[in-house]
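One-letter residues, chain by chain:
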Amino acid sequence: MYSAVVTTDPTPARAASPTADRLVEATRELLWERGYTGTSPKAVQQRAGAGQGSMYHHFAGKSDLALAAITRTAEELRARADGLLSGPGTTVERVTAYLCLERDVLRGCPVGRLTQDPEVMADPVLRAPVEQTLGWLRGRLAEVLAEGRASGELPPSVDPSGTAATVVAVLQGGYVLARAAGSPEPFDQAVTGLLALLHPPRPA
């Protein structure tokens, strides 16, 4: 959510092992569903169809496996976002494409939800890819918005950094509102309202 990648990448050996890959994917799913505290090694092993010996052969423990899972999730999120923000179109069209990206709204953002997990936030290693990814997203959006201001598409009064932070805040807040309501409607309303602010008014 930048052309750079998260630096805490799992080792090539892990990526090359089908068992390790299943363990990482199972952990990603469980982190999204239950959070770090609710994701036990036993639950990961059952979801991945792997034994305890296989898990500890590839990973030092729950934290090590969680780091690999969070890192992969962060990389995928960044790649999807950057593909849209670096694609063709005007600034507003690219930001709109990102905002209108299909999301599983009621499950929440797989990265943003981790900020509500006390154990993840208390661990500097696990927190790093979350912080880096959200920081990258704000920075990448700011770059795109700055391009629009420089080209005259957006007015000089637009603050790229402030507007980028607003975009991220609206998305993350929209997830919270949708989950609280049990409906994606509040998320859709938040995005629609933000799009109305981003589209410059047409001359009379």
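How each quantity is defined
- Residues numbered from 1 in each chain as written.
- Predicted model: local features only at pLDDT ≥ 70, side-chain atom pairs only at ≥ 80, totals over all residues.
- Heavy atoms only, no water.
- Salt bridge = Lys/Arg side-chain N within 4 Å of Asp/Glu carboxyl O.
- Helix = DSSP H or I, 4+ residues; strand = E, 2+ residues; numbered from the N terminus.
- Buried < 20%, exposed > 50% of the residue type's maximum accessible area, 1.4 Å probe, protein only.
- pLDDT = per-residue confidence, 0-100.
- Core = buried A, V, L, I, M, F, W, Y, C linked by side-chain atoms within 4.5 Å.
- Contact = heavy atoms within 4.5 Å.

**Comments concerning the pattern of salt bridges**
Logical step 1: As enumerated under the stated definition, the model contains 11 salt bridges in all.
Logical step 2: Here Arg72 makes a salt bridge to Asp21, at a shortest N to O gap of 2.7 Å. In this pair, Arg72 sits in helix 5 (residues 62-85) while Asp21 sits in helix 2 (residues 18-34), placing the two residues 51 residues apart along the sequence.
Logical step 3: Close ionic contact of Glu25 with Arg72 constitutes a salt bridge, the shortest N to O distance being 2.7 Å. In this pair, Glu25 sits in helix 2 while Arg72 sits in helix 5, placing the two residues 47 residues apart along the sequence.
Logical step 4: By relative accessible area, which is 26% here, Glu25 ends up partly exposed.
Logical step 5: Classification of Arg72 by relative accessible area gives buried; the value is 16%.
Logical step 6: Salt bridges sharing common partners tie together Asp21, Glu25, Arg28, Arg72 and Glu76.

**Topic: the confidence of the model for the protein**
Logical step 1: Residue-level pLDDT values for the protein average 89, and 90% of them are 70 or greater.
Logical step 2: Across the protein, element-level confidence peaks in helix 8 (residues 124-151) with a mean pLDDT of 97 and bottoms out in helix 1 (residues 12-16) with 43.

**Some thoughts on the nonpolar core**
Logical step 1: Residues Leu23, Val95, Leu99, Leu137 and Leu141 are the most contacted members of the largest nonpolar core, which totals 53 residues.
Logical step 2: For this core, the secondary structure elements donating two or more residues are helix 2, helix 3 (41-48), helix 5, helix 6 (91-99), helix 8, helix 9 (160-181) and helix 10 (185-198).
Logical step 3: Leu23 has contacts with Val44, Ala48, Ala50, Ser54, Met55, Phe59 and Leu65, leaving out every residue within four places of it along the chain.

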